[in-house]
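Structural overview
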Amino acid sequence: MPKTVISGFTHNFLGNAPVWYKQTILLFLLINPFVVLFIGPVAAGWLLVGEFIFTLAMALKCYPLLPGGLLAVEALIIGLATPEAVYAEVVVNLPVILLLMFMVAGIYFMKQLLLVAFTQILVGVRSKSALSLLFCAAAALMSAFLDALTVTAVIITVAVGFYSVYHKVASGRGYHHTDHNAQSDEHVIELHREDLVQFRAFMRSLLMHGAIGTALGGVATMVGEPQNLLIAKVVGWNFAEFFQRMAPISMPVLVAGLVTCWFLEKLRWFGYGARLPKPVRQVLEEFADNERKKRTKADQAALWVQAAAAVILVFGLAFHIAEVGLIGLLVIILITSFTGVTDEHQIGKAFQEALPFTSLLVVFFAVVAVIHEQHLFKPVIDFVLTQPEAQQPAMFFVANGLLSMISDNVFVATVYISEIKQALDAGAISQAHFEDLAVAINTGTNLPSVATPNGQAAFLFLLTSAIAPLVRLSYGRMVVMAFPYTLVLGGVGLMSVIQFL
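Summarised in this report is the structure supplied together with it. (Residues numbered from 1 in each chain as written. Predicted model: local features only at pLDDT ≥ 70, side-chain atom pairs only at ≥ 80, totals over all residues. Heavy atoms only, no water.)

Our focus in this paragraph is helix α2 (residues 19-38). With 20 residues, α2 should reach 28 Å at 1.5 Å per residue; the first-to-last C-alpha distance of 29 Å fits that figure. Approximately 30° is the largest bend angle found in α2, and it occurs at Ile-31, with the proline Pro-33 only one to four residues beyond. Tyr-21, Lys-22, Ile-25, Phe-28, Leu-29, Asn-32 and Val-35 are the residues of α2 that are buried. Summarising the contacts, the buried residues of α2 are in contact with α1 (5-12), α3 (41-57) and α4 (65-77). Gly-40 sits one or two positions beyond α2 and adopts a positive phi of about 135°. (Helix = DSSP H or I, 4+ residues; strand = E, 2+ residues; numbered from the N terminus. Expected span 1.5 Å × (residues − 1). Bend = angle between axes of the 7 residues up to and from the residue. Buried < 20%, exposed > 50% of the residue type's maximum accessible area, 1.4 Å probe, protein only. Contact = heavy atoms within 4.5 Å.)

And the structure:
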């Protein structure tokens, strides 16, 4: 415990982050003003971008909003950008902020319906290869119309529920016990230990197939990932136009991803292929049947309301009846009104998942404002634009993909789409070529970024969720399991960009 006020400040700064991490952030904050003073604002801007990417890469040590926010505030203080420039970025990207605030919260109230759907898939399909393929395809389909982060949250909820059920039984308890600690194997009966180990491997593979599915579907539509809507707004595409422009790349990648899923399960490579032990299946089937019998008429009515809201959501997006975020707000109003959710605290829970990432996105915009004010990426963009026009989309795809692997795809997409929009406004490129580059940027940031948990918010959410330690899903294991998908999605995506753009 801290013994002085000074040591208390030291202890409290960035909470439980490692000491070396705290010292690194303090070093960043200390040297930035001196770099501006003695070297210049352009060098300081590049340094800030590198520091911000560091906070994204080290997201498991500390949520990037805190250190990234401190760096952004300092950047404004030392004159790398102005508050007006940050506000301008926020105003331009208001539809993206509305998407995160209301669409993710809207899907929160559809969790009951989605949980029922995934539960039926998990206990109803006996072939592991078919189950994995269905899990991946279902995640892709839902991510295309909902949101990858929310679909991942649903998959995690299902996984935690089923793991807890079997862990109780393996520990000699009934699955109705509420005071069980699923994180401890201390009371697991020796007879069940081998089944538990295999069940963990089974759940790991399903979770990774589901996470990859969110990337496969998320790239295809303007609501699948946060940066998709941002790109769509900058270019001026509606829901149908965005899907049509991405289809030449997203559809071949979808097919390739699903084929990869099937082969990984059949070949049992890279940690895939574990089967569900028969004793575990029996427990889960009994549990699902019990839950179905407990469902009241009010519960059934709530499921029908959620299904109707899902239909309205899909049609609202397809015909673009309003801004995406406002459609999400409509879903919140309809479901809560007709399912009896009237308490403010119940409604507030729906916004807990989205608002931290929304706040982080505003910090992104502050860093983007620095990049714009200091014209940091202009030389890079100018170099690419001097290359033969036919090669430029592929170069953007590769550059965005590599940077998204170590950084965050929303940040990368925000920077690059803003820069090429400036090139369009300056008359350096045509509207048609601008749209081709936008397709390359969207697919480049969405597909190769599955390589690491840093690249996509949904993957980072999975890694930091309650299920990851239960099934022993570590950072390194996620990288290994994502590797074959990275090669296939990145390779097929690049070939499609070269062929069709």
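What follows continues from the structure just given.
Glancing now at the state of the cysteines. Taken as a whole and judged by the stated rule, the model has zero disulfides. In this model Cys-136 remains outside any disulfide bridge; the closest cysteine sulfur is found in Cys-261, 4.8 Å from its own. (Disulfide = S-S within 2.5 Å.)

Taken as a whole and judged by the stated rule, the model has nine salt bridges. The salt bridge involving Glu-265 is made with Lys-128; its shortest N-O contact spans 3.1 Å. Of the two residues, Glu-265 is situated in helix α12 (residues 239-267) and Lys-128 in helix α8 (residues 128-145); the sequence distance between them amounts to 137 residues. The same class applies to Glu-265 as to Lys-128, namely buried. Bridged by salt links that share partners, the residues Arg-126, Arg-281 and Glu-285 form one connected network. (Salt bridge = Lys/Arg side-chain N within 4 Å of Asp/Glu carboxyl O.)

Tracing the backbone through its elements, the reader meets Asp-147 in the loop between α8 and α9 (148-170). Owing to a relative accessible area of 2%, Asp-147 belongs among the buried residues under this scheme. In this structure Asp-147 touches Val-104, Met-142, Val-223 and Gly-224, once residues within four positions along its chain are discounted.

For His-375, which is not glycine, the phi dihedral falls at a positive 55°. The exposure class of His-375 is partly exposed, given its relative accessible area of 48%. In this structure, Arg-472 takes a positive phi of about 60° despite not being glycine. Within the fold, Arg-472 resides in the loop between α23 (467-470) and α24 (475-500).

A few words now on a nonpolar patch on the surface. A surface patch of nonpolar side chains, about 960 Å² in accessible area, is lined by Val-255, Val-259, Trp-262, Phe-263, Leu-267, Trp-269, Phe-270, Val-480, Phe-483 and Leu-487. Sorting elements by how many residues they give to the nonpolar patch places α12 first, with five residues. With respect to the secondary-structure elements, Val-259 resides in helix α12. (Patch = residues over 30% accessible without salt bridge, like charges linked within 9 Å, V, L, I, M, F, W, Y side chains within 5 Å. Areas by Shrake-Rupley, 256 points an atom, 1.4 Å probe, with all protein chains shown as cover.)

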